[in-house]
Amino acid sequence: MPNDELLEEERRWTDSVRTAQPSRPRLYEHLIREPIEESAPRAAICVAPETSVREAINLMKQHAMGCVLVERDARLVGIFTERDVLLRVVGGNRDPAKLPVSAVMTCDPEALTMQDELAWVLNLMAVGGFRHVPIVDEHRRPVAVISVKHIVERLVEFFPNEVLNLPPRPGKNIARSREGA
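Parameters and conventions
Numbering of residues starts from 1 in each chain and follows the order in which that chain's sequence is written. Two thresholds apply to this predicted model, a pLDDT of at least 70 for residue-level local features and 80 or more for giving and counting side-chain atom pairs, whereas whole-chain, interface and lining totals are computed over all residues. Hydrogens and waters are ignored; side-chain quantities use all the structure's heavy atoms. Elements are defined by DSSP. Helices are runs of H or I of four residues or more, strands are runs of E of two residues or more, and each kind is numbered from the N terminus. Whether two residues are in contact is decided by their heavy atoms: any pair within 4.5 Å suffices. We call two strands paired when DSSP finds no fewer than two bridges between them. Here, axes are lines fitted to C-alpha atoms. For helices the fit covers the stretch in contact, and angles between N-to-C directions go from 0 to 180 degrees. The term salt bridge refers to a pairing of a side-chain nitrogen on Lys or Arg with a carboxyl oxygen on Asp or Glu at a separation within 4 Å. Only protein chains enter the area calculation, which uses a 1.4 Å probe; residues under 20% of their type maximum are buried, those over 50% are exposed, and those in between are partly exposed. Take the buried Ala, Val, Leu, Ile, Met, Phe, Trp, Tyr and Cys residues and link them wherever side-chain atoms come within 4.5 Å; each set so joined is a nonpolar core.

Attention now goes to the side chain of serine 147. For serine 147, the position within the fold is in strand β8 (residues 142-147). Once residues within four sequence positions are removed from consideration, serine 147 is found in contact with Met125, Arg131 and His132.

In structure tokens form, the structure reads like this:
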């Protein structure tokens, strides 16, 4: 194939890629305007108010979650997070085996629905300082939880090459000891 034809084919391929993917400003708007349900948040792990802090922590560890939602009569009444463990349990020198989550949870947390836009999640995280946002149905029954980690993972889905294929950082990716022969 002559050189001019190769250049023209490359130009057509580049143009098709460029038009197939929205521009970054449009992508940004698309991302924050999409409903929460499109980002597939994790299912909520729920406990009763009388559940011990130790049990709640074990569930958080078992499910690799940073929080559990607290429900009474199938309705969201609180959220218990890693921050609560640090500040209200350990920092308060309290016994997690005897302490119910209701004594250290955040009562009546702000929550969103699956139909709300991701922009609202970002707003609550930025303005409210939340790292986890409960997702509820129309009757305030817990459905899911969306976390800062989930938002970051969602962003990486849109920019995998730019984030996952970064070159080595000078002086940062060098082994400190010799391995092998």
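Structure shown, so let's carry the discussion forward.
Further remarks concern the sheet that holds strand β5 (residues 106-107). Strand order across the open sheet formed by four strands is β2-β3-β4-β5, with mixed pairing between neighbours. Among the strands making up the open sheet, the edge pair consists of β2 (46-47) and β5. Pairing of strand β4 (residues 75-81) with β5, which is carried by two bridges, proceeds in the antiparallel orientation. When the bridges of β5 are listed, glycine 78 appears paired with cysteine 107. Of the strands in this sheet, β2, β3 (67-72) and β4 are in contact with helix α3 (residues 53-62), which crosses β4 at around 80°.

Right, let's get into the pattern of salt bridges. Considering all chains together, one arrives at seven salt bridges under this definition. Residue glutamate 117 pairs with arginine 33 through a salt bridge whose shortest N-O separation is 2.8 Å. One end of the pair, glutamate 117, is in the loop between β6 (112-113) and α5 (118-128); the other, arginine 33, is in helix α2 (residues 24-33), and 84 residues separate them in sequence. Since its relative accessible area comes to 26%, glutamate 117 is described here as partly exposed. Since its relative accessible area comes to 44%, arginine 33 is described here as partly exposed. With a closest N to O distance of 3.0 Å, arginine 140 and aspartate 108 form a salt bridge.

Moving on, we get to the pairing of strand β7 (residues 132-136). Taken across its five residues, β7 has five buried, putting it largely inside the fold. Along β7, one buried face is formed by His132, Pro134 and Val136 and the opposite face, lined by Val133 and Ile135, is buried too. In this structure, β6 lies alongside β7, joined through two bridges in parallel fashion. Bridge pairing in β7 links leucine 112 to isoleucine 135. Bridge count between β7 and β8: five bridges; the pairing is antiparallel. From the neighbouring strand, valine 133 faces β8, where its bridge partner is isoleucine 146. In this structure, the hairpin formed by β7 and β8 is closed by a connection of five residues, where arginine 140 is found at a positive phi of approximately 65°.

This part covers the nonpolar core. In terms of nonpolar packing, the biggest core is built from 23 residues, with Val53, Val68, Val70, Phe80 and Val101 touching the most fellow members. Only α3, β3, β4 and α4 (82-90) provide two or more residues apiece to this core. Leaving out residues up to four positions away in the same chain, valine 53 has contacts with Phe80, Val89, Pro96, Leu99, Pro100, Val101 and Val104. The next biggest cluster of nonpolar side chains, apart from the first, holds 13 residues, and it includes Met114, Val121, Met125 and Val133.

Before going further, it helps to spend a moment on the sheet that holds strand β1 (residues 42-43). Taken in spatial order, the four strands make up an open sheet running β1-β8-β7-β6, and their pairing is mixed. The open sheet has two free edges, formed respectively by β1 and β6, since each of these has just one partner strand. Here α5 sits on the sheet in contact with β6, β7 and β8, set at roughly 65° to β8.

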